[in-house]
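Spelled out, the chains give:
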Amino acid sequence: EVQLVESGGGLVKPGGSLRLSCVPSGFTFGGYSMSWVRQAPGKGLEWVSSISSSASHIYYADSVRGRFTISRDNAKNSLYLHMNSLRAEDTAMYYCARDRECSDGSCYSDYWGQGTLVTVSS
Amino acid sequence: DIVMTQSPDSLAVSLGERASINCKSSQSVLYRSTNYNYLAWYQQKPGQPPKLLIYWASTRESGVPDRFSGSGSGTDFTLTISSLQAEDVAVYYCQQYYSTPRTFGQGTKLEIK
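The present account deals with the structure reproduced in this document. Everything numeric here is computed off the predicted structure, so don't read it as measured data.

Calculation notes
Residues numbered from 1 in each chain as written. Chains lettered and ligands numbered in written order. Predicted model: local features only at pLDDT ≥ 70, side-chain atom pairs only at ≥ 80, totals over all residues. Heavy atoms only, no water. Contact = heavy atoms within 4.5 Å. Buried area = accessible area lost by both parts, 1.4 Å probe. Salt bridge = Lys/Arg side-chain N within 4 Å of Asp/Glu carboxyl O. Helix = DSSP H or I, 4+ residues; strand = E, 2+ residues; numbered from the N terminus. Buried < 20%, exposed > 50% of the residue type's maximum accessible area, 1.4 Å probe, protein only. Phe/Tyr/Trp six-rings, centres within 6.5 Å; stacked < 30°, edge-to-face > 60°. Disulfide = S-S within 2.5 Å.

1. Observations concerning the interface of chain B and chain A
- At the junction of the two partners, chain B supplies 22 residues and chain A supplies 25 residues.
- Across the chain B to chain A interface the summed buried area is about 1900 Å²; carbon plus sulfur atoms make up 55%.
- For chain B, the biggest contributors to the area lost against chain A are Thr-100, Arg-102 and Phe-104 of chain B; these three give 33% of the whole.
- The interface formed by chain B and chain A holds 2 salt bridges in total.
- In this structure, Asp-99 of chain A engages Arg-102 of chain B in a salt bridge whose closest nitrogen and oxygen atoms are separated by 3.1 Å.

Written out as structure tokens, the structure is:
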């Protein structure tokens, strides 16, 4: 059974940093592109960042480029999202998702984790 | 960026009746060389992550009941639930994966009338 478990969320002050982690199981992690998608409270879904299976291709939403860094360690079966210079508008549930089919870096996701909540507030 | 617009924003349908949700993209998501529409549909129940229902605009994900179907091409798409069940109460999102950034519709909240 495919599972994705996120961790690392919490309360952080504006300008602060957090590192989110996602640990997959039930599939060969190194064979898939992965993404982070977020959802602000009561709002819709917003794609944040994606990384190809070998980390050779990385993509960011304009809203986070230069502040967030996606990375993966296939040997440790882990996906990460390093978030710096956090803003109130970054407050959201952050989901880790497995990508199945992609076109020019844009994919649909077939499995999603339960999410980890990031709250940016003073 | 491709803008995805869903209609209606909310919908109330009686149990056993048909529910239809529309999704319109600001530009075509049909890839001519493959003749595939790069469009997916997700279901999100309260307190849960999204669940993939449909991809390539009309291919049902494994395990998804056959009362769910997707149709359309180019810029106009529809998700149809042929006979609404109580467990179908959720927010539904369309998403294009034709180009980066992938973008989602604003969501359609489906309720029981």
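Okay, back to it.
2. A word on the environment of Ser-71 of chain A
All names here are of chain A.
- When you line up the elements, Ser-71 lands in strand 7 (residues 68-73).
- Residue Ser-71 is classed as partly exposed on the basis of its relative accessible area, which comes to 21%.
- With sequence-adjacent residues up to four places away left out, Ser-71 is seen in contact with Ile-51, Leu-79, Tyr-80 and His-82.

3. Overview of the packing of aromatic side chains
All names here are of chain B.
- Counted by the stated rule, this structure contains 15 aromatic pairs over all chains.
- Seen in terms of ring centroids, Tyr-36 and Trp-56 are 4.9 Å apart; in terms of plane orientation they differ by 40°. Their pairing is tilted. Separated by 20 residues along the polypeptide, Tyr-36 in strand 5 (residues 36-37) and Trp-56 in the loop between strand 7 (51-55) and strand 8 (59-60) bring together distant segments of the chain.
- By relative accessible area, which is 15% here, Trp-56 ends up buried.

4. Things to note about the state of the cysteines
Residue and element names in this part refer to chain A.
- Here the structure, examined in full by the defined rule, presents 3 disulfides over all chains.
- A sulfur-sulfur separation of 2.0 Å characterises the disulfide bridge that pairs Cys-22 with Cys-96. For the disulfide bridge between Cys-22 and Cys-96, the dihedral angle about the S-S bond is near -65°, and by the sign convention the bridge is left-handed. Residue Cys-22 is located in strand 3 (residues 18-25), and its partner Cys-96 is located in strand 9 (residues 92-103); the two are separated by 74 residues in the primary sequence.
- In chain A, numbering the disulfide-bonded cysteines from first to last in sequence yields the connectivity 1-2, 3-4.

Keep in mind that these numbers describe shape and distance, not what the molecule does.
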